[in-house]
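Survey of secondary and tertiary structure
Here are the chains, one letter per residue:
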Amino acid sequence: MTSPISRYRRELGVAGALVVLLALLAVMAPAFFRAANLRDLLVANAPVLVAAVGMTLVILARQIDISIGSQFAICGVAAGLLAKTGLPMPLVTAGVVATGAVLGAINGALVAGLGLPAIVVTLATMVVLREGLRWRTEGVWIEDLPERFQWFGLGQAGGRAAIVLAAIVVFAAFAWGLRHLAAGRAVYAAGSDPEAARLVGIHPRRVVFAAFVFMGGLTGLAAVLTAIQFIDVQTSAGAGLEMKVIAAVVVGGVAISGGRGTLLGTLLGVTLLGTIGPALTFLGTQAYWERALQGAVILLAVSTDALPSLTRRPPAAA
Amino acid sequence: MLLLALVVVEMAYFAHAGSNFFTAGNAAEVLRASVEIGLLALALTAVILTGGIDLSVGSLLGLAAVLMGAAHRDLGLPIAAAALVAIAVGVGGGALNAALVARLGVPPLIVTLGTYSLFRGVAEGFTGGIRNYTDFPPALLFLGQGRLPGGVPAQVPLLVTAAVFFWLLVHRTPVGRGIRAIGFSPEGARFAGIPVARRLLLVYVLSGAMAGLAAVVYAARLGQAKADAGSGYELFAITAVVLGGTSIFGGRGSVHGTLLGLIAVALLQNGLRLSDQPAELAGILTGVLLLGAIGANRLVAERSRA
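Residues numbered from 1 in each chain as written. Chains lettered and ligands numbered in written order. Predicted model: local features only at pLDDT ≥ 70, side-chain atom pairs only at ≥ 80, totals over all residues.

With that settled, consider the overall build of chain B. Helix and strand counts for chain B stand at 13 helices and zero strands. Along chain B, from the amino end to the carboxyl end, the secondary structure elements read α-α-α-α-α-α-α-α-α-α-α-α-α. Relative to the globule expectation of 19 Å for 306 residues, the C-alpha radius of gyration of chain B, 19 Å, shows essentially globular dimensions. Each of the three principal axes of chain B carries a C-alpha extent, and together these read 55 × 50 × 35 Å. For chain B, contacts bridging at least 24 residues in sequence account for 77% of all contacts bridging at least 6. (Helix = DSSP H or I, 4+ residues; strand = E, 2+ residues; numbered from the N terminus. Rg over C-alpha atoms; globule rule 2.2 N^0.38 Å. Contact = placed C-beta atoms within 7 Å.)

This is the structure we're talking about:
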């Protein structure tokens, strides 16, 4: 029986890194802990968490989706356009989630249906969707949105609360479902050994397809939660989102080879990576180094995973 | 072969739809534009043959270009030395990928996804996002913009040399056979006595070196080096490789296929531009082409297994 400490080794490691970072900030830049700043961080990272929940499902199923940034941009534009047609915000949200789900289904059909490798498929759809959107909109932002668009019409405080609440609900629901529903265990099974899963009656291809669809839908929700924070919709939104989200998930301990990891880890990963950027600013470093730091954190996280295996036989080529 | 037919179709279509497409001058320009992607794609072929992938080549190109610019302008190095700096940066970056993949056994996908961010990020941090290196000497610019006797763009011999090198390596040496064996079955290759870690080190370092060389050509062609150099090149390089028939799962493929795939991609971009099509269409069609290519590869694989 593995003890909880060894089972959650990775999550504890990330939590530890987060504590160290917060301690550093407490000493060198206590202004970080002002209520307004913490609140802004919470609101800014809530959509990232929602998207990361979706990406967790995909990576657990032994796949990957780097088209999330382009999906996010399209969903944001869809949110603006739908709102301008006069639909009430709940319907707008539903429509955008559906849009995202459809985009996810395209990836899912190519990967699960045709058996094409996810990295290449989503590389292609990332470019096709992004360039298609740019062609269609010519880079023009969506403006003149109805009043009830921003903050769901609830005003700034109410809107912020709604965003954070939505993220908490989504996270809790999926965390519970992954652990307690048969469908959740099917994701782990399909990701760790598709053949074994098939032998016990799970359909790995259906699981993969569903994972991509859920990811698309959650990306749509994340796009709405982000779009309502502003008065215009940028058609260039979502740039670099794939790296941020994948980094958070991988740092949180979800193995890229599938079948291993928890949403708790993803939550810690989102928190850690969401804190690094602003921490840099508060500590006086230039913001230009953020992407380099993201990359370094990813590499550090996956390397420390692999270090114990150095003492054993050299591993096979991936 | 399907790919050959595609190339012919492209040429026919663009000769009709584009202005000035089917001329010797334009052919030279197509060649010129494809050298950088070609260098990346040649090295990527070897990487993908091992069953791996390298998403960081575009970012590494950017980093190498920027550091070359800094070495020349800020450190005052002569341009030849600065070019060597670019290649050294490429080798270093490739070595980082190689160490994580070959020694630590981390999946190449996530390693190169991380270095894709890291290299671009370091380039951005180093230049503060805005610095642009521009005063390159005419000697360098000739490499990128000049023509040799006969109308051949000056950088083409580099591509030809690299193509011959990679073709020989992959198709005529035991090293190449080992590379393919690793992609076909890593464990089997190990039991057959192939030094897997060393071969992986080689292909990723070569990939980095080519990125560094491509950076030199890039700076020579554009006369400038910014942090965003090489952005998106990985898509075109991977497309050229996969279009050429190399399986993304490894073990199957050819260097000459990649060259043909490179021509197909270069013709597409050039032809679209000359037909006055919007810039976005090139990206969209390349993406669709990539999907079609892996779909077709998949069908071939299924049929040969059935």
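What follows is about the overall build of chain A. Broken down by element type, chain A carries 13 helices and zero strands. Taken over C-alpha atoms, the radius of gyration comes to 20 Å for chain A, in line with the 20 Å a tight globule of 318 residues would show. Taking contacts inside chain A between residues at least 6 apart in sequence as the whole, the part at least 24 apart equals 78%.

Of all residues in chain B, 95% attain a pLDDT of 70 or more, and the chain-wide mean is 88. If you check the scores for this complex, the pTM reads 0.88 and the ipTM reads 0.84. (pLDDT = per-residue confidence, 0-100.)

Now for helix 8 (residues 182–192) of chain A. Residues of helix 8 of chain A that are buried include every one of A:Ala186, A:Val187, A:Ala189, A:Ala190 and A:Gly191, and no others. As for helix 8 of chain A, its buried residues are in contact with helix 3 (35–60), helix 7 (155–180), helix 9 (194–199) and helix 10 (204–227) of chain A. (Buried ≥ 20, exposed ≤ 12 C-beta atoms within 10 Å, placed from the backbone.)

Summarising the element assignment, B:Val66 is placed in helix 3 (residues 57–73). Distance from B:Val66 to B:Asn132, taken between C-alpha atoms, is 8.0 Å for residues 66 residues apart in sequence.

Turning to the nonpolar core, a few remarks are in order. All names here are of chain B. Judged by nonpolar contacts, the single largest core of 215 residues is most densely connected at Leu 40, Met 68, Ala 86 and Ala 215. No other element matches helix 10 (residues 196–222), which puts 18 residues into this core. Sequence-distant contacts of Ala 215, defined by excluding residues within four places in its chain, comprise Leu 61, Ala 64, Ala 65, Met 68, Ala 86, Gly 90 and Ala 229. (Core = buried A, V, L, I, M, F, W, Y, C linked by C-beta atoms within 7 Å.)

Moving on, we get to the interface of chain B and chain A. The interface of chain B with chain A comprises 48 residues on the first partner and 44 residues on the second. Counting residues per element, the side of chain B that touches chain A draws most heavily on helix 5 (residues 108–127) of chain B, at 13 residues. Partitioned by chemical class, the residues of the side of chain B that touches chain A number 27 nonpolar, 15 polar and six charged. (Nonpolar A, V, L, I, M, F, W, Y, C, P; charged D, E, K, R; others polar.)

Next up on the list: unusual backbone geometry. Residues and elements named next belong to chain A. Even without a glycine there, the phi angle at Arg 62 is positive, about 70°. Looking at where Arg 62 falls in the secondary structure, it is placed in the loop between helix 3 and helix 4 (68–84). Residue Arg 62 is classed as buried on the basis of its 22 C-beta neighbours within 10 Å.

Looking at the element boundaries, B:Leu113 is found in helix 5. Counting along the chain gives 58 residues from B:Leu113 to B:Leu55, while the straight-line C-alpha distance between them is 6.0 Å. Each residue touching B:Leu113, except ones within four places of it in the same chain, is listed here: A:Ile246, A:Ile298 and B:Leu55.

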